[in-house]
Amino acid sequence: MAKKLEAEKELTAKQAELQGEETTTVKQKETIESEADSVSIEEIKSKTLITPSGDFDWDADDKGFGNYSSADREKFEEMYAGTFNSINKGEIISGVVVSINNKDVVLNIGFKSDGLVSLSEFRDTPDLKVGDSVDVFVESQEDANGQLVLSRKRAKTQRSWETINEALDQDKIITGFVKSRTKGGLIVDIMGVEAFLPGSQIDIKPIRDYDVYVGKTMEFKVVKINHEFKNVVVSHKVLIEDDLENQKTEIVAKLEKGQVLEGTVKNITDFGVFIDLGGVDGLLHITDISWGRIEHPREVLTLDQRSTWLF
């Protein structure tokens, strides 16, 4: 019994000792956490920003830049704005190619932002490269995305119309490319503008096959412009007539009775044929075509037949 009581006392003492150690560990932990919190707070206090005074310049950086007066700021803003070109919607301006991608051509026209032009508008200039200068039409200074919108196609069209109107007013000769055949004539491309060449204005002689002119580059004179419908009518015949008129004067001055001349059958009628003598038309009567009697000139001659004739 005495041994049992002694063992219980020993166990109680051991438990009390363990409990004391646990209490000490908890207190130490609390002390360490408290000290850590205290240090953190002190560090935070030491790094707290000082509230600037009322005249603190928030625009100034560490090097002291940005301390401009209102007058200086206004002056510098005007100088900066003066470095840009003044452009207006609808005008044509020259730009320099900055870069080319698979979709657009980026152009610098001296504005606050570069402009974009669709690459498809440069199909006629496959050798386009960075640094090239091109004329563009200002469609918009700023679209919904804040982008400068330009067009080379519209610039070309407007330039072409100016050239065409000048050709009509000053009776100038212009060059065009015959694109295709249409009813009653041909369609001619003049610097991007489509013009109509009537069949009667192709040549001084009747044309039976218009297709032979398709794909050719020819000279024309503008004879009519309908500004309301943007229609242009051109003529190649008037150029030939002008040349023939000059030749006719020279030929007539040299003609003498009894001369043998070379000419081409231009037209055939019931009473005879008209011979083109190189600018001068001569009539060959049916009675002078053959020694024998004929009912119609077609029995002997054909259109475009070239031969020699006694004048």
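Each value, and the rule that gives it
- Residues numbered from 1 in each chain as written.
- Predicted model: local features only at pLDDT ≥ 70, side-chain atom pairs only at ≥ 80, totals over all residues.
- Heavy atoms only, no water.
- UniProt positions renumbered as here; feature names shortened; annotations may be inferred.
- Salt bridge = Lys/Arg side-chain N within 4 Å of Asp/Glu carboxyl O.
- Helix = DSSP H or I, 4+ residues; strand = E, 2+ residues; numbered from the N terminus.
- Buried < 20%, exposed > 50% of the residue type's maximum accessible area, 1.4 Å probe, protein only.
- Core = buried A, V, L, I, M, F, W, Y, C linked by side-chain atoms within 4.5 Å.
- Contact = heavy atoms within 4.5 Å.
- Pairing = 2+ DSSP bridges.
- Phe/Tyr/Trp six-rings, centres within 6.5 Å; stacked < 30°, edge-to-face > 60°.
- Expected span 1.5 Å × (residues − 1).
- Polar contact = N/O pair within 3.5 Å; in protein donor to acceptor, adjacent residues only side chain to side chain.
- Axes fitted to C-alpha atoms, helices over the stretch in contact; angles between N-to-C directions.

If you look the protein up in an unreviewed UniProt entry, it shows as Ribosomal protein S1 from Daphnia sinensis. For the protein, the Sequence similarities (unreviewed entry) comment in UniProt is given as "Belongs to the bacterial ribosomal protein bS1 family."

Asks: Sorry if this is basic, but what is going on with the pattern of salt bridges here?
Replies: Where charged atoms from two side chains of opposite charge approach closely, those side chains can pair. Using the criterion set out here, one finds 13 salt bridges in the structure. Taking the shortest distance from any N to any O, the salt bridge between Glu166 and Lys172 comes out at 2.7 Å. The closest approach of N and O atoms between Arg306 and Glu262, which form a salt bridge, is 3.4 Å. Here Arg306, found in strand 14 (residues 306-310), pairs with Glu262, found in strand 11 (residues 260-268); they are 44 residues apart in sequence, far enough to count as distant. Residue Arg306 is classed as exposed on the basis of its relative accessible area, which comes to 51%. By relative accessible area, Glu262 is classed as partly exposed at 48%. Through salt bridges with shared partners, one network takes in Asp135, Arg159 and Glu162.

Asks: Looking at this structure, how should I read the nonpolar core?
Replies: For soluble globular proteins, nonpolar side chains are generally found buried alongside one another. Judged by nonpolar contacts, the single largest core of 21 residues is most densely connected at Val222, Val232 and Val234. For this core, the elements supplying multiple residues, two or more each, are helix 3 (152-169), strand 6 (173-182), strand 7 (185-190), strand 8 (193-198), strand 9 (217-226) and strand 10 (231-235). By residue number, the principal contributor to this core is strand 9, which donates four residues. Beyond its immediate sequence surroundings of up to four residues, Val232 is in contact with Trp161, Ile164, Val193, Ala195, Phe196, Val222 and Lys224. With 15 residues, the next largest nonpolar core counts Val105, Ile109, Val136 and Leu150 among its residues.

Asks: Looking at this structure, I do not really get the pairing of strand 8. What am I missing?
Replies: Remark: a regular strand shows side chains that alternate across the two faces of the sheet. In the sheet, strand 7 pairs with strand 8 via six bridges, with the strands oriented antiparallel. Bridge pairing links Asp189 to Glu194 in strand 8.

Asks: How should I be thinking about unusual backbone geometry in this particular structure?
Replies: Across the chain, the bulk of peptide bonds are trans and the bulk of non-glycine residues have phi less than zero. Backbone geometry at Met191 places phi at a positive 55°, although glycine is not the residue there. Inspection of the secondary structure puts Met191 in the loop between strand 7 and strand 8. At Lys230, a position not held by glycine, the phi torsion is positive, near 55°. Structurally, Lys230 is set in the loop between strand 9 and strand 10. Here Lys230 falls in the partly exposed class, since its relative accessible area comes to 49%.

Asks: Teacher, can you tell me more about the pairing of strand 5 (residues 148-151) here?
Replies: In terms of strand pairing, strand 3 (residues 115-118) meets strand 5 through two bridges, oriented parallel. Counterpart to Leu116 in the pairing with strand 5 is Val149. Pairing of strand 4 (residues 133-140) with strand 5 involves three bridges; the strand directions are antiparallel. Across the sheet, the residue bridging to Val138 is Leu150, located in strand 5.

Asks: Would you explain the packing of aromatic side chains in this entry?
Replies: What describes a pair of aromatic rings is the distance from one ring centre to the other and the angle between the planes of the rings. The full count for this structure, using the stated rule, is one aromatic pair. Relative to Phe274, the ring of Phe271 has its centre 6.4 Å away and its plane inclined at 85°; by these criteria the two rings are edge-to-face. Classification of Phe274 as partly exposed rests on a relative accessible area of 29%.

Asks: Please explain helix 3 as it appears in this structure.
Replies: Spacing of three or four residues puts side chains on the same side of an α-helix, whose turn is 3.6 residues. Taking 1.5 Å of rise per residue, the 18 residues of helix 3 would be expected to cover 26 Å, and the 26 Å separating its terminal C-alpha atoms lies within 8% of that figure. With a side-chain oxygen lying 3.5 Å from the backbone nitrogen of Lys153, the N-terminal cap of helix 3 falls on Ser151. Following helix 3 by one or two positions, Asp171 adopts a phi angle in the positive range, close to 55°.

Asks: Help me understand the environment of Ile173 in this model?
Replies: Along the chain, Ile173 falls in strand 6. Spatially, the C-alpha atoms of Ile173 and Glu219 are 6.5 Å apart, while their sequence positions differ by 46 residues.

Asks: So what exactly am I meant to see when it comes to the environment of Val134 here?
Replies: Take Val134: it is sitting in strand 4. Apart from residues no more than four positions distant in its own chain, Val134 is found in contact with Ile93, Ser94, Gly95, Leu107, Phe122 and Leu128.

Asks: For this particular structure, what's the right way to read the sheet that holds strand 4?
Replies: What holds strands together in a sheet is hydrogen bonding between their backbones, with the strands either parallel or antiparallel. Read around the barrel, five strands follow the order 1-2-3-5-4 and close on themselves; strand pairing throughout is mixed. Mean inter-strand twist for the sheet, computed between neighbouring axes without regard to direction, equals 50°. Across the sheet, helix 3 touches strand 1 (92-100), strand 3, strand 4 and strand 5, and the angle it forms with strand 4 is around 100°.

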